Amino acid sequence: ESRLILALDVYDRERALEIAECTADYLWAIKVNWPLIIGSGLKIITELKQVTGLPIIADLKLADIPNTNRLIASKVFEAGADYIIAHGFVGRDSVEAVMELGKTIIVVEMSHPGAKEFIQPVTDKLIELANELEPFGVIAPATRPERVSYIRSRLERGIRILTPGVGAQGGKASDAIKAGADYVIVGRSIYGSNNPREAARRLYEEILEVV
Ligand code: BMP
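Residues numbered from 1 in each chain as written. Predicted model: local features only at pLDDT ≥ 70, side-chain atom pairs only at ≥ 80, totals over all residues. Heavy atoms only, no water.

Sorry if this is basic, but what is going on with the overall build of the protein chain here?
Counting its regular elements, the protein chain contains 11 helices and 8 strands. Computed over its C-alpha atoms, the radius of gyration of the protein chain comes to 16 Å, within 12% of the 17 Å expected for a compact globule of 211 residues. Each of the three principal axes of the protein chain carries a C-alpha extent, and together these read 40 × 35 × 30 Å. Here the protein chain holds 211 residues, and 54% of them are scored as buried. Across the protein chain, the fraction of contacts at a sequence separation of at least 24, relative to all contacts at a separation of at least 6, is 64%. Carbon and sulfur atoms make up 48% of the accessible area of the protein chain, which amounts to about 9500 Å² in all. Treating the 25 positive side-chain charges of the protein chain as one cloud and the 29 negative ones as another, the clouds have centres 2 Å apart. (Helix = DSSP H or I, 4+ residues; strand = E, 2+ residues; numbered from the N terminus. Rg over C-alpha atoms; globule rule 2.2 N^0.38 Å. Buried < 20%, exposed > 50% of the residue type's maximum accessible area, 1.4 Å probe, protein only. Contact = heavy atoms within 4.5 Å. Areas by Shrake-Rupley, 256 points an atom, 1.4 Å probe, with all protein chains shown as cover. Lys, Arg positive; Asp, Glu negative; His and termini not counted. Charge placed at Lys NZ, Arg CZ, Asp CG, Glu CD.)

Dropping the structure here:
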C-alpha cells in the first residue's frame, strides 16, 4: 500500500480532477485544502472520491469552539471526506466535537519555520492530547525529521504520523519515513511538475525503498 498523500492545492476543478486521476495509482489518499474548496466548492470532495476511489482528507485545520467545529465538520463529512484535520491547541473539547463525527487528524507540529514560535513549544502537550483522544493520526514536520523521531517516540503506537514539508519546503520523503512517519504529504512537487504522474511515481519508489 502506498504511503504517499497528494496535497491537491489548486483552485481549478478540471485541473484537480486531471491531476488526481493521473497520479492515483501511486497514492494512498488525496488531501483537499482551502484553496481547492474555495476554487471548486465542497462538491469537489465527492467528485475526487468518485474519480479516484481514494480516501479524502479534508485539511480544514479546524480551530474553533466545539459547536462551530461540529457545524463545519458535519457538512464536510457529509460531502464524503474520510478524515478531517483539526488543530489541537484550541483544546480537547473542540477536537472531540470533530472526533464524534468522524476520523480526525490533529496537528501536533507544523512544517514551516514559524512553527517554532508557538506550536513547537506546545508539541508535548499536543502529543499528550493525542495519546488521550487516540485520533487516526497527527501532523508532524517532514522538514525536521529529528522532530518526527521525537514525536514517534512519545506517541502511542496505533496513532499514525502524517508529514507535510517534502520537496518545495525542503524535506525529503525517505527521511521522514525513516524518522517514523507513516505517510508523506506532497503538494507542489507533484501538481507543479510538468509530469505529475512521473513525480508521484518517483516519490512512491523512494518511499518503497525505505519501508
Ligand atoms: P507543499 O508540498 O506544496 O509544500 O504542500 C504541503 C501541504 O501540506 C499544503 O497543503 C500545506 O497547507 C499542508 N501543510 C504543511 O505544509 N505543513 C503543515 O505543518 C501542515 C500542513 O497541513
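From this point, things continue past the structure.
Is there a simple way to explain the site of the ligand in this structure?
Close to the ligand lie 15 residues; Asp9, Lys31, Ser111, Gln169 and Arg188 are nearest. Glutamine 169 is positioned with one of its side-chain polar atoms (N or O) 2.8 Å from an oxygen atom of the ligand. Because more than half of its atoms lie within 2 Å of the grid, the ligand is assigned to the largest pocket. For the shell around the ligand, the secondary-structure elements that each account for two or more residues are β2 (29-33) and β3 (56-62). Partitioning the shell around the ligand into residue classes produces 6 nonpolar, 4 polar and 5 charged. (Near = heavy atom within 4 Å. Polar contact = N/O pair within 3.5 Å; in protein donor to acceptor, adjacent residues only side chain to side chain. 1 Å grid on protein atoms, 1.4 Å probe; cavity = no way out; pocket = protein on both sides within 12 Å on 5 of 7 lines; lining within 4 Å. Sits in = over half its atoms within 2 Å of the grid points. Nonpolar A, V, L, I, M, F, W, Y, C, P; charged D, E, K, R; others polar.)

What is the right way to look at helix α5 (residues 92-99) in this model?
Helical periodicity: at 3.6 residues per turn, an α-helix aligns residues three or four positions apart in one direction. Of the residues making up α5, those classed as buried are Ser94, Val95, Ala97 and Val98. Around the axis of α5, the buried residues are gathered within 155° of arc, so they sit on the same side. (Arc of directions from axis to C-beta.)

Any chance you could explain the side chain of asparagine 33 here in plain terms?
Along the chain, the position of asparagine 33 falls in strand β2. A relative accessible area of 13% means that asparagine 33 is categorised as buried. Engagement of the side chain of asparagine 33 in a polar contact is seen with the side chain of aspartate 59, the distance being 3.4 Å. Once you skip the residues sitting within four places of it in the chain, asparagine 33 turns out to touch Asp9, Asp59 and Lys61.

What exactly am I supposed to notice about the packing of aromatic side chains here?
The description of an aromatic ring pair rests on the distance of the ring centres and on the angle between the ring planes. Going through the model one piece at a time under the given rule, you end up with 5 aromatic pairs. When the centroid spacing of 6.1 Å and the interplanar angle of 5° are considered together, the rings of tryptophan 28 and phenylalanine 136 count as stacked. One end of the pair, tryptophan 28, is in the loop between α1 (13-23) and β2; the other, phenylalanine 136, is in the loop between α7 (123-133) and β6 (137-139), and 108 residues separate them in sequence. Each of the two residues, tryptophan 28 as well as phenylalanine 136, counts as buried. (Phe/Tyr/Trp six-rings, centres within 6.5 Å; stacked < 30°, edge-to-face > 60°.)

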